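Here are the chains, one letter per residue:
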Amino acid sequence: MDHKMFCFQCEQTAGCVGCTGKAGVCGKTAEVAELQDELTGALIGLARVTDGDAPVNADTWRLMIEGLFTTVTNVSFNEKTIRELIDRVHEEKVRLLPGCSGCSSRCGSNDDYDMNLLWNAQEDIRSLKSLILFGVRGMAAYAHHAMMLGYADEEVNRFFAKALFAVGEDWGMDELLPIVMEVGEKNLKCMALLDKANTESYGTPAPATVPLTVEKGPFIVITGHDLHDLKLLLEQTEGKGVNIYTHGEMLPAHGYPVLKAFPHFVGHYGTAWQNQQKELPGFPGAVLFTTNCIQNPKDYGGKVFTSGIVGWPGLVHIKNRDFAPLILKALELPGFAEDAPGKEVTVGFGRKTLLDAAPAVLDAVKSGAVRHIFLVGGCDGAKPGRNYYTEFVEKTPQDTLILTLACGKFRFFDKDLGKIGPFPRLLDVGQCNDAYSAVKVALALADALKCGVNDLPLSLVLSWYEQKAVAILLTLLALGVKNIHLGPSLPAFVSPDILNLLVENWGIKPISTPDEDLKALLG
């Protein structure tokens with residue numbers, strides 16, 4: 001391609017075709033996009049040498065997972081750190097296969113992959129390989145969070161290499177389609193691993209009321225998904241007069257008993273990631289980004305810090321999880337001048353809470369008190385059309401329940417939809433990875449009603465933005481879930497023929513209007 005860059009991995013890609021200019025819609029430069037391609041090609045080269053007797057170890061998998069996670073949308077915009085990561089990947093490949101780089105008769109079979117071969121491939125092959133690549137990028141985010149807590153799975157790790165290897169091979173649809181489905185299968189296993197890591201580390205989520213108020217005094221807002229960083233920050237700020245607020249997808253952290261127990265963990269500030277440039281400039285506190293989604297901090301970068309693999313040029317990056325610079329900045333800033341009232345929301349309707357309530361839910365379904373259950377969630381974003389999800393939830397009948405998860409919930413998370421008996425009509429299941437809980441609940445209800453998941457009075461109305469949503473969608477397809485409504489637009493990387501395959505086999509539908517979709521879903 002003759003363009004400065006090519007990227008079409010997120011929902012907001014330019015013109016629903018691809019970002020091809022000097023910068024992407026997400027804000028990454030053409031140089032960063034090229035480095036991400038170079039990193040991906042290096043990871044494929046690394047995957048090519050992990051078979052056989054190669055002395056792979058935990059560091060090999062950690063590097064592969066970190067590299068994939070780095071290329072997720074809105075994670076790293078830092079050219080320097082991406083280049084360093086590429087060098088580390090090359091060093092690891094040399095360690096695994098020391099004689100390859102100096103071989104006098106090179107075969108090329110272990111070389112880095114040229115990503116232009118993928119972007120210029122026949123459109124159906126490009127589509128399937130993109131589903132694989134973007135799916136494992138999203139899955140890597142979950143594996144990375146689990147890894148930070150000391151949890152790993154060899155089968156999941158090996159699959160990262162298998163999937164990357166497939167992307168680099170000259171394979172046809174018959175070889176690639178099973179790998180696409182396997183991404184979904186392995187992502188379910190990966191989400192289960194993270195669920196175990198989180199619950200064993202922080203306790204089982206339980207319903208908890210979260211204030212959307214602010215309290216007088218210094219504070220730090222923490223955003224992203226990394227509960228490990230949150231726990232360490234809470235420990236390091238204890239007794240220092242600094243309040244901690246969640247932002248974005250950190251909201252469900254308030255449902256974990258171990259985290260909730262910190263007295264200075266006081267509430268939630270703001271809404272979804274795409275509003276940060278409106279919500280963060282004017283407030284008098286410090287901000288920590290632990291994962292995606294970070295945007296250009298423009299004129300407020302002096303109070304923004306990053307951790308883990310998040311990177312933005314010029315920002316202070318926390319090293320070794322020592323949050324002292326962040327805490328010092330929070331104490332230097334004036335903090336909130338006074339308490340301010342606000343609403344409350346309830347979180348913590350995780351798997352155990354919902355499964356414990358399953359008998360009552362079943363009785364409500366059988367009696368007709370609950371006519372239908374909707375899962376409305378996924379990624380939020382700035383693209384026009386996402387008000388659909390607000391209107392959809394507002395228009396759902398009073399005899400329906402709404403499960404929600406991920407940052408898509410911020411389109412309606414603070415709305416009082418009332419109750420059906422003891423149940424709030426709006427039930428927050430958690431972060432995007434907590435789709436695992438929703439899956440387990442759906443399977444349990446189907447088992448109790450002696451029917452298939454697709455026979456339940458349950459409809460999925462999903463929004464997507466980045467690659468974790470791709471991984472979750474593939475998991476749902478691998479489980480045989482049908483008739484998913486997806487929006488606000490369909491992925492640019494799905495070709496017409498592959499879309500037709502998804503429609504014919506799984507009944508995937510683009511969203512239309514709330515009224516039309518509700519009429520169709522409720523019959």
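Residues numbered from 1 in each chain as written. Predicted model: local features only at pLDDT ≥ 70, side-chain atom pairs only at ≥ 80, totals over all residues. Heavy atoms only, no water.

**Student:** How should I be thinking about the packing of aromatic side chains in this particular structure?
**Tutor:** How two aromatic rings sit relative to each other is set out by the distance from centre to centre and by the angle between their planes. Scanning all chains against the criterion turns up 21 aromatic pairs. Judged by centre distance (6.1 Å) and plane angle (85 degrees), the rings of Phe8 and Phe134 are edge-to-face. Within this pair, whereas Phe8 is found in the segment before α1 (30-47), its partner Phe134 is found in helix α5 (residues 123-148), the two being separated by 126 residues in sequence. The same class applies to Phe8 as to Phe134, namely buried. Between the aromatic rings of Tyr269 and Phe336, the centroid separation amounts to 6.1 Å while the plane-to-plane angle is 35 degrees, which identifies the pairing as tilted. Of this pair, Tyr269 sits in the loop between β4 (265-268) and α10 (276-279) while Phe336 is found in the loop between α11 (324-332) and β8 (344-347), placing the two residues 67 residues apart along the sequence. Assessed through its relative accessible area of 17%, Tyr269 is described here as buried. (Phe/Tyr/Trp six-rings, centres within 6.5 Å; stacked < 30°, edge-to-face > 60°. Helix = DSSP H or I, 4+ residues; strand = E, 2+ residues; numbered from the N terminus. Buried < 20%, exposed > 50% of the residue type's maximum accessible area, 1.4 Å probe, protein only.)

**Student:** How should the sheet that holds strand β2 (residues 219-223) be read in this particular structure?
**Tutor:** Note: strands within a sheet are paired through backbone hydrogen bonds, in either parallel or antiparallel orientation. Spatially, six strands are ordered β4-β3-β2-β5-β6-β7 in an open sheet, and the strand pairing comes out parallel. With partners counted over all chains shown, the strands left at the sheet margins are β4 and β7 (316-317), one partner each. Two strands pair when backbone bridges link them, and strand β5 (residues 286-289) and strand β6 (residues 304-306) are joined in this way by three bridges, in the parallel orientation. If you follow Leu288 over to β6, its bridge partner there is Phe305. Across the sheet, helix α8 (residues 227-237) lies against β2, β3 (243-247), β4 and β5, angled at about 170 degrees from β2, the strand it touches most. Most of the contacts of α11 go to β5, to which it runs at about 155 degrees, and overall it touches β2, β5 and β6. (Pairing = 2+ DSSP bridges. Contact = heavy atoms within 4.5 Å. Axes fitted to C-alpha atoms, helices over the stretch in contact; angles between N-to-C directions.)

**Student:** When you look at the environment of Leu401 in this model, what are you seeing that I'm missing?
**Tutor:** Relative to the helices and strands, Leu401 is located in strand β10 (residues 400-405). Between the alpha carbons of Leu401 and Lys419 there is a distance of 8.7 Å; along the sequence they are 18 residues apart. Sequence-distant contacts of Leu401, defined by excluding residues within four places in its chain, comprise Val370, His372, Ile373, Phe374, Ile420, Phe423, Pro424 and Arg425.

**Student:** I keep staring at the environment of Ala438 and nothing clicks. Help me out?
**Tutor:** Here Ala438 is to be found in helix α15 (residues 435-448). Sequence separation of Ala438 and Leu403 is 35 residues, and the distance between their C-alpha atoms is 8.1 Å. In contact with Ala438, other than residues within four places in its own chain, are Leu375, Leu405 and Val429.

**Student:** How should the packing of α5 against helix α16 (residues 467-478) be read in this particular structure?
**Tutor:** The relative placement of two packed helices comes down to the angle between their axes together with the axis-to-axis distance. Relative to each other, α5 and α16 sit at 105 degrees, their axes nearing to 7 Å. Comparing the axis directions of α5 and α16 gives the class roughly perpendicular. Along the contact surface, α5 presents Leu131, Phe134, Gly135, Arg137, Gly138, Met139, Ala141 and Tyr142, while α16 presents Gln467, Lys468, Val470, Ala471, Ile472 and Leu474. Residues belonging to the contact of α5 with α16 are distributed by class as follows: nine nonpolar, three polar and two charged. (Parallel < 35°, antiparallel > 145°, perpendicular 65-115°, else oblique. Nonpolar A, V, L, I, M, F, W, Y, C, P; charged D, E, K, R; others polar.)

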